[in-house]
Amino acid sequence: MQQHVLVIENNHTNVDIVSKLVRKAGLIPVGASSLTEAKVRFANRVPEQFLCAVVAYVLPDAKQGEAIDFTIEAYIPTIVTTENLDTCTRDKVLSRDVVDYIPKENAQNYDYLNRLLARLEKNKSTGVIVVSTHRVQRKHMISLLIRHNFVVYDCLTAHDAMRLLSQHQHIRLVITDNQLPDMSGTYFVSSLRKAFSKEQLAIMGIAGGQGMLMSAHFIKSGANDFLRLPFCHEEFLCRVMQNVEYIESVEAIRRAANTDYLTGLPNRRHFFYTVTVKHQTLSNSHALALIDLDHFKRINDTYGHDAGDSVLKTVGRLLEDAFSEHIVARFGGEEFCVYFPYHDGRYAKDQLDAFRVTLEKQAILVTDATVNVTCSIGIADHTTQSIEELLSAADRQLYCAKNNGRNQISYNTTPLAG
Ligand SMILES: Nc1nc2c(ncn2[C@@H]2O[C@H](COP(=O)(O)OP(=O)(O)OP(=O)(O)O)[C@@H](O)[C@H]2O)c(=O)[nH]1
């Protein structure tokens, strides 16, 4: 279900500005320009629909932050916007259990609001470990992280944190104190770095009263960031957000580099990487198939390039469904590959023949028409450890399948020469 955001701003222009940011974050705004209107809007909806509320500190009918009390009492995580940046207003805002507050000062503040809105949804599946023996400080950090919807793990020792990291894939950040019962924080960081790079897991050191060198010590041991205690509420949350966003950006770049943009399948480069890594532990019973669509150029020429793209996407999806237990990739153009790490060519041939028949019968919907495509397939299963050799052999078989009339499989069990 797409989540709603209750936007309570002090005039229609501000409601529109914030609503636009809400939509940009993929959420649905429910706008109100006074507390009275907000109460009506809220009463007309199911409370669980609201991911959060963005509330102006001063409203025409609520000049002392009463709208914040209203949304907090309704259990809606609340982000406050304010025109006043003075310490008195800040303290009044932060004395309530708000998610964060945004000064309405410049475009960057609105950019922060946009990132925060997007994060509140994403954070629900993002893990953060807090490791510290200092109870008050640990609970304080945990409560701030929970307000930002993170999945938070409360740890007293480095070993507990390491165990959690081995159990949960969704942890993106570890926040650690330097004085842990089982090892120093900096030793813990350097141990973590043996298993996780700085691009896989962000680590933030925290320490207070231990001299100026602690930050450098943490960073030289492999931490991404350091925060001195006692920290400021806002800085803590900004640093957390920045570190998590860094890990996610690297993940997104990596995903884009490994994925074929059109079909979403692994690309040739990633295919080689995956197979080479897996192949090290495999037996010689493996097979590789190259699948090439027949006369694909005609589809582009007859129905247009977009129609050709739709066909490629459909074929990619069909391959993915049919060979979900094996490794499927798009090698480029109209050529796909399926690698069977644990099966020989005979097995691959049976499976691929069933696929070939399914594809032949499948009517694929393109812009204004339905089209049918066939494919030619070359299979190789020589007992070689070299994927390149296997690929060349499959390519030769594919050439035979094309030459022999297309829409067929060519599979030759003759071992490789030499
Ligand atoms: N729509 C679309 N077309 C592509 C894409 N990549 C390659 N093509 C087209 O695929 C066509 C491949 O043509 P050919 O290599 O002659 O192969 P074919 O027409 O399938 O003929 P055979 O393989 O010999 O059966 C070319 O027209 C390319 O422009 C793509 O991502 N999208």
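Scoring rules and cut-offs
- Residues numbered from 1 in each chain as written.
- Predicted model: local features only at pLDDT ≥ 70, side-chain atom pairs only at ≥ 80, totals over all residues.
- Heavy atoms only, no water.
- Near = heavy atom within 4 Å.
- Polar contact = N/O pair within 3.5 Å; in protein donor to acceptor, adjacent residues only side chain to side chain.
- Areas by Shrake-Rupley, 256 points an atom, 1.4 Å probe, with all protein chains shown as cover.
- Helix = DSSP H or I, 4+ residues; strand = E, 2+ residues; numbered from the N terminus.
- Phe/Tyr/Trp six-rings, centres within 6.5 Å; stacked < 30°, edge-to-face > 60°.
- Buried < 20%, exposed > 50% of the residue type's maximum accessible area, 1.4 Å probe, protein only.
- Salt bridge = Lys/Arg side-chain N within 4 Å of Asp/Glu carboxyl O.
- Pairing = 2+ DSSP bridges.
- Axes fitted to C-alpha atoms, helices over the stretch in contact; angles between N-to-C directions.
- Contact = heavy atoms within 4.5 Å.
- Parallel < 35°, antiparallel > 145°, perpendicular 65-115°, else oblique.
- Left-handed = near helix turned anticlockwise from the far one by under 90°.
- Nonpolar A, V, L, I, M, F, W, Y, C, P; charged D, E, K, R; others polar.
- UniProt positions renumbered as here; feature names shortened; annotations may be inferred.
- 1 Å grid on protein atoms, 1.4 Å probe; cavity = no way out; pocket = protein on both sides within 12 Å on 5 of 7 lines; lining within 4 Å.
- Points joined across faces, edges and corners; volume = space filled by probe spheres on them.

(A) Broad picture of the site of the ligand. The local shell around the ligand holds 17 residues, among which His295, Phe296, Asn300, Asp309 and Arg406 are the closest. One of the side-chain nitrogen or oxygen atoms of Arg406 is found 2.9 Å away from an oxygen atom of the ligand. Protein coverage of the free-state accessible area of the ligand, which is 670 Å², stands at 68%. Those elements giving two or more residues to the shell around the ligand turn out to be β11 (287-293), α12 (296-303) and α13 (305-322).

(B) Summary view of the packing of aromatic side chains. If you walk through the whole model with that rule in mind, you get 11 aromatic pairs. The interplanar angle of 15° and the centroid separation of 4.7 Å between the aromatic rings of Phe231 and Phe236 together place this pair among those described as stacked. Its relative accessible area of 0% is what places Phe236 among the buried residues. Judged by centre distance (6.4 Å) and plane angle (20°), the ring pair of Phe272 and Phe331 falls under stacked. Highlighted residues: Phe272 in helix α11 (residues 268-279) and Phe331 in strand β12 (residues 327-332), separated in sequence by 59 residues. In terms of burial, Phe272 and Phe331 fall into one category: buried. Here the aromatic residues Phe271, Phe272, Phe331 and Tyr339 are joined through ring pairs into a cluster of three or more.

(C) Region of the structure containing the environment of Asn106. As for its placement among the helices and strands, Asn106 is situated in the loop between β5 (100-103) and α5 (107-122). Residue classification places Asn106 among the partly exposed residues on the basis of a relative accessible area of 36%. A polar atom in the side chain of Asn106 sits 3.0 Å from the backbone nitrogen of Gln108. Within the structure, Asn106 has its side chain in polar contact with the backbone nitrogen of Asn109 (distance 3.0 Å).

(D) Structural view of the pattern of salt bridges. Under the definition given, this model contains 23 salt bridges. The closest approach of N and O atoms between Glu251 and Arg172, which form a salt bridge, is 2.9 Å. Of this pair, Glu251 sits in helix α10 (residues 233-258) while Arg172 sits in strand β8 (residues 171-177), and the two are 79 residues apart along the sequence. Here Glu251 falls in the partly exposed class, since its relative accessible area comes to 22%. What makes Arg172 buried here is its relative accessible area of 18%. Across the salt bridge formed by Lys402 and Asp292, the nearest N and O atoms sit 2.8 Å from each other.

(E) Main features of the sheet that holds strand β10 (residues 225-228). Strand order in the open sheet formed by five strands is β7-β6-β8-β9-β10, with parallel pairing between adjacent strands. Here the strands that pair on one side only, and so sit at the sheet edges, are β7 (151-155) and β10. Geometrically, the sheet is characterised by an average inter-axis angle of 20° between neighbouring strands, direction not taken into account. In this structure, strand β6 (residues 127-131) lies alongside β7, joined through five bridges in parallel fashion. What sits directly across from Gly127, in β7, is Val151. Against the sheet, helix α7 (residues 158-167) engages β6, β7 and β8, with an angle of about 170° to β6.

(F) Region of the structure containing the packing of helix α1 (residues 12-24) against α5. Put simply, α1 and α5 touch, their axes get as near as 9 Å, and they point 40° apart. For the element pair α1 / α5, the angle class is oblique. Our pair here, α1 against α5, has a crossing hand that is right-handed. Together, Ile17, Val18, Leu21, Val22 and Lys24 of α1 and Tyr110, Leu113, Asn114 and Leu117 of α5 make up the contact between the two elements. Split into classes, the residues belonging to the contact of α1 with α5 amount to seven nonpolar, one polar and one charged.

(G) Representation of the UniProt feature "modified residue: 4-aspartylphosphate" (unreviewed entry) in the chain within the structure. According to UniProt, the "modified residue: 4-aspartylphosphate" (unreviewed entry) feature falls on Asp177. The topology assignment puts Asp177 in strand β8. Among all residues touching Asp177, those that are not within four sequence positions of it are Val131, Ser132, His134, Gln137, Gly185, Ile206, Ala207 and Phe218.

(H) Highlighting the sheet that holds strand β3 (residues 50-56). Taken together, five strands build an open sheet; the order of strands is β2-β1-β3-β4-β5 and the sheet is parallel. Edge positions in the sheet fall to β2 (28-32) and β5, since each of these pairs with one other strand and no more. Across the sheet, the mean angle separating the axes of adjacent strands is 20° when strand polarity is ignored. With four bridges joining them, β3 and strand β4 (residues 78-82) adopt parallel strand pairing. Within β4, the residue paired with Val55 across the bridge is Val80.

(I) Up close: the layout of surface pockets. Approximately 260 Å³ is the volume found for the largest pocket. Lining the largest pocket, in full, are Leu165, His168, Gln169, Ile171, Arg172, Phe196, Glu199, Gln200, Leu201, Glu251 and Arg254. Where the lining of the largest pocket is concerned, the elements lending two or more residues are β8 and α10. Here the lining of the largest pocket is built from residues that sort into four nonpolar, three polar and four charged.

(J) The arrangement of the packing of helix α2 (residues 35-43) against helix α3 (residues 66-73) in detail. Interaxial distance between α2 and α3 falls to 10 Å at its minimum, and their mutual angle equals 15°. On the basis of their axis angle, the class for α2 and α3 is roughly parallel. Crossing hand, α2 versus α3: right-handed. Counting all contacts with α2, which are made through Leu35, Lys39 and Phe42, the residues of α3 involved are Glu66, Ala67 and Phe70. Split by residue class, the contact of α2 with α3 holds four nonpolar, no polar and two charged.

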